[in-house]
Amino acid sequence: MQKMQKKNIVVLTGAGISAESGLGTFRDNNGLWEKHRVEDVATPEAFERNPELVYRFYNERRKQLFSDIEPNPAHYALAKLEQALGERFLLVTQNVDNLHERAGSKRILHMHGELLSAFCCYSEKRFVLTGDIDVNSRCECCTPAQPVRPDIVWFGEMPYHMESISKALQQADVFISIGTSGNVYPAAGFVREANFYGAQTIELNLEPSENGTDFQAAEYGKAGEVVPRFVDNLIAELN
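Because the structure is predicted, anything quoted here is derived from the model rather than measured.

**Structural notes on the sheet that holds strand 6 (residues 113–120)**
Here's step 1: Taken together, the three strands give an open sheet; going across it, the order is 7-6-8, and neighbouring strands pair in antiparallel fashion. For this open sheet the edge positions go to strand 7 (126–128) and strand 8 (148–152), each flanked by a neighbour on one side alone. In this sheet, adjacent strand axes meet at a mean angle of 45° when their direction is disregarded.
Here's step 2: Bridge count for strand 6 against strand 8 is four bridges, and the pairing is antiparallel. Paired with Gly113 across the bridge in strand 8 is Ile152.
Here's step 3: Against the sheet, helix 4 (residues 51–64) contacts strand 6 and strand 8, and its axis sits at roughly 50° relative to strand 8.

**Let's talk about the packing of helix 5 (residues 73–85) against helix 9 (residues 223–238)**
Here's step 1: Contact pair helix 5 / helix 9: the axes reach a minimum separation of 8 Å and the direction vectors enclose 15°. Here helix 5 is positioned roughly parallel relative to helix 9, judged by the angle of their axes. The handedness of the crossing between helix 5 and helix 9 is left-handed. The segment helix 5 lies against helix 9, with Pro73, Ala74, Ala77, Leu78, Lys80, Leu81, Ala84 and Leu85 engaging Ala223, Gly224, Val227, Pro228, Val231, Asp232, Leu234, Ile235 and Leu238.
Here's step 2: Here the contact of helix 5 with helix 9 is built from residues that sort into 14 nonpolar, one polar and two charged.

What counts, and where the lines are drawn
- Residues numbered from 1 in each chain as written.
- Predicted model: local features only at pLDDT ≥ 70, side-chain atom pairs only at ≥ 80, totals over all residues.
- Heavy atoms only, no water.
- Pairing = 2+ DSSP bridges.
- Helix = DSSP H or I, 4+ residues; strand = E, 2+ residues; numbered from the N terminus.
- Axes fitted to C-alpha atoms, helices over the stretch in contact; angles between N-to-C directions.
- Contact = heavy atoms within 4.5 Å.
- Parallel < 35°, antiparallel > 145°, perpendicular 65-115°, else oblique.
- Left-handed = near helix turned anticlockwise from the far one by under 90°.
- Nonpolar A, V, L, I, M, F, W, Y, C, P; charged D, E, K, R; others polar.

Encoded structure:
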């Protein structure tokens, strides 16, 4: 490993890091998400066709975060790395849960939205929401108040923070991907962008992702074991 002093590090996390905390991955081998077809709960067309189902689906996902789900050692390791690097660290996550924040991460961008947030269908403003929402829920930003939907980036919609993420990848010295499938774009293309700008690219995953050959280095195993060990080695280099 190269010396890490004064280097900018961008980390991308996917469903694999949350799976070890007990949250279901976005899409299993049958193309389902928590026993629902993705096309029925994660597209604008699904929301227009059956809003009650979509509201209910995300209400159930939100309630999971208030159960016995806890951050795992991988989440805490990334918070530790942020403390060591400060402004030279950025965490980009495809996950919509709050496990990174609960572990202590602060420099984080949720590119696919957040379960604990709602989205005004008229003003497109976002606001914190911890309870259920339904067809009768209304925003507080408009007069008269307008309908709201889950603050989730669905298939066919543009992910959040793309300009900031692209700028960070251009300035990154190291890009680390953790727990991602490598088949959901635009996130799956980040490694190639980082390679183009000269970053060292590393995959930490349970098994090789679909774009695993694009990474310059890799370590495989459970995130709760691989990530803390990798972070400790990085911090040792910092010191």
